[in-house]
Amino acid sequence: MTPQSSDWEGLRQRLDRIEKQNRILKWLAIATAVSIVGAGVLVGQVTTEKSIEANRFILRDQDGSVRAALEMVEGAPMLRLFDSAGRPRIVESVTSIASSVGILDVAGKPRAAMMATLTGDPSLTLFDEEGKPKCVLAVLKGAPGLALFDSARKTRVGLEVASNGTPKVSVADANGKQRVMLSVTSTGDPLVGLLDENEQPRAALGRNANGDGLILFGPNLKPAITMAMYPSGTATGNVLTFWDQNSKPRLSMGTFSSTGAPGIVASDGDSKVIWKAP
């Protein structure tokens, strides 16, 4: 069993771009630029098609406070909506890589962001009070998924349904390394895997049409000990097997038939029986 690759690293690049847009908000001063043409002037132009062109549009309330700003930022259009205290609360932009909508709190920290890439992959990111991403719900290359992050932005829990319909749940350690994986194969068989700190498989528990099985892997990532239960078929019985480094069964013990009779079989490196009982 090998860990399945995931597209979730691509989400980190998206999150970096979201944070960059939020920094842009702080760089931009809330200042007066070009005012929208007054209503009295527009009345005289109702029946005539006209266009208004500018680099920035500012909308003010009755107290003169800026409540909306439409402008070009680094070559991309950006719309910002402000609350009554002049704080940006909603930011919309369309860049060369994606379109996005961000929702900010009163401290200017992002709390939610929706994004769609040029290829149409959508994502929804939720942030904590410090503006750090904690949860991402996305569809990547046709595969829906959910990622949960810790305070260090490490993915700790991931849920994914592959494009072929195979679901997977992964749990990671503080270093972002997958340590536990749960899945159901394309044939409908459940599978649980335990991995070491290098994401190498060390144990697997699964079930298929032949029965149930547990595999313990050696340092060479090959089966070292297997336990199997065969409820039906030609291999009815319960068997514990020890394997050598060449994946050859060397010692097996268990009940090898429907009668439940116990037995032991020892084999050489060529899988030839050298001793058995009874």
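Residues numbered from 1 in each chain as written. Predicted model: local features only at pLDDT ≥ 70, side-chain atom pairs only at ≥ 80, totals over all residues. Heavy atoms only, no water.

### Here's the deal with the overall build of the protein chain
- Assigned secondary structure in the protein chain consists of two helices and 20 strands.
- Scored against the burial criterion, the 278 residues of the protein chain give a buried share of 31%.
- When contacts within the protein chain are restricted to residue pairs at least 6 apart in sequence, long-range pairs at least 24 apart make up 16% of them.
- Here the protein chain displays about 16500 Å² of accessible surface, and carbon together with sulfur accounts for 59% of that area. (Helix = DSSP H or I, 4+ residues; strand = E, 2+ residues; numbered from the N terminus. Buried < 20%, exposed > 50% of the residue type's maximum accessible area, 1.4 Å probe, protein only. Contact = heavy atoms within 4.5 Å. Areas by Shrake-Rupley, 256 points an atom, 1.4 Å probe, with all protein chains shown as cover.)

### Some words on the environment of Asn55
- Residue position: Asn55 is located in the loop between helix 2 (39–43) and strand 1 (56–60).
- Residues Asn55 and Val73, 18 residues apart in the sequence, show an inter-C-alpha distance of 9.6 Å.
- Look past the residues within four positions of Asn55 in its chain and what remains in contact with it is Leu70, Glu71 and Met72.

### Details of a nonpolar patch on the surface
- Together, Phe242, Met253, Ile264, Ile274 and Trp275 give the surface a local cluster of nonpolar side chains, amounting to about 450 Å² of exposed area.
- The topology assignment puts Ile264 in strand 19 (residues 262–267).
- Given a relative accessible area of 30%, Ile264 falls into the partly exposed group. (Patch = residues over 30% accessible without salt bridge, like charges linked within 9 Å, V, L, I, M, F, W, Y side chains within 5 Å. Salt bridge = Lys/Arg side-chain N within 4 Å of Asp/Glu carboxyl O.)

### Re the side chain of Asp150
- Turning to its location among the elements, Asp150 is positioned in the loop between strand 9 (143–149) and strand 10 (155–161).
- Excluding anything up to four places from it in sequence, Asp150 contacts Pro133, Lys134, Arg156 and Ala174.

### Here we look at the pairing of strand 20 (residues 273–277)
- For strand 20, the buried fraction is low: zero of the five residues fall into the buried class.
- Two elements, strand 19 and strand 20, share four bridges in a ladder whose sense is antiparallel. Within strand 20, the position partnered with Ser267 by the bridge is Val273.
- Following strand 19, the chain reverses through five residues before pairing antiparallel with strand 20; Ser271 in that reversal takes a positive phi of roughly 65°. (Pairing = 2+ DSSP bridges.)

### Points about the layout of surface pockets
- Approximately 430 Å³ is the volume attributed to the largest pocket.
- Along the wall of the largest pocket there are 25 residues; nearest its centre are Asn208, Asp212, Gly213, Leu214 and Ile215.
- At the level of secondary structure, the elements contributing two or more residues to the lining of the largest pocket comprise strand 13 (190–195), strand 14 (201–208), strand 15 (211–217), strand 16 (223–230) and strand 17 (237–243).
- The element contributing the most residues to the lining of the largest pocket is strand 15, with six residues.
- Residue composition of the lining of the largest pocket, grouped by class: 13 nonpolar, nine polar and three charged. (1 Å grid on protein atoms, 1.4 Å probe; cavity = no way out; pocket = protein on both sides within 12 Å on 5 of 7 lines; lining within 4 Å. Points joined across faces, edges and corners; volume = space filled by probe spheres on them. Nonpolar A, V, L, I, M, F, W, Y, C, P; charged D, E, K, R; others polar.)

### Observations concerning the nonpolar core
- Within the largest apolar cluster, five residues are counted, these being Val136, Ala138, Leu140, Ala147 and Phe149.
- Where this core is concerned, the elements lending two or more residues are strand 8 (133–140) and strand 9.
- Counting residues per element, this core draws most heavily on strand 8, at three residues. (Core = buried A, V, L, I, M, F, W, Y, C linked by side-chain atoms within 4.5 Å.)

### Examining the pattern of salt bridges
- All told, the structure shown has 12 salt bridges when counted by the stated rule.
- Its salt-bridge partner being Asp83, residue Arg89 comes within 3.4 Å of it at the nearest N-O pair.
- Residue classification places Arg89 among the partly exposed positions, given a relative accessible area of 27%.
- Note that Lys132 is salt-bridged to Glu130, the shortest N-O span being 3.5 Å.
- Taking relative accessible area as the criterion, Lys132 reaches 30% and is therefore assigned partly exposed.
- In this structure, a network of salt bridges that share partners links the residues Arg56, Glu71 and Arg80.

### Topic: the confidence of the model for the protein chain
- Confidence along the protein chain averages 83 in pLDDT terms, with 79% of residues attaining 70 or more.
- Low confidence marks residues 1–8, where pLDDT is under 50. Its contacts with residues over four positions away, or in another chain, come to 26 contacts.
- Taken together, the stretch residues 18–47 has pLDDT below 50 and engages in 42 contacts with residues farther than four places along the chain or on a different chain. (pLDDT = per-residue confidence, 0-100.)

### Quick look at unusual backbone geometry
- Of note, the amide linkage connecting Ala277 to Pro278 takes the cis form, showing an omega dihedral of -5°.
- With a phi close to 50°, Lys141 is a non-glycine residue in the positive phi region.
- With respect to the helices, strands and loops of the structure, Lys141 is situated in the loop between strand 8 and strand 9.
- You will see that Glu199, though not glycine, has its phi angle at about 65°, which is positive.

### Quick look at the side chain of Asp244
- With respect to the element layout, Asp244 can be found in the loop between strand 17 and strand 18 (249–255).
- The buried category is assigned to Asp244, whose relative accessible area is 17%.
- One polar contact links the side chain of Asp244 to the main-chain amide nitrogen of Asn246, over a distance of 2.9 Å.
- Polar side-chain contacts of Asp244 include one of 2.8 Å to the backbone nitrogen of Lys248. (Polar contact = N/O pair within 3.5 Å; in protein donor to acceptor, adjacent residues only side chain to side chain.)

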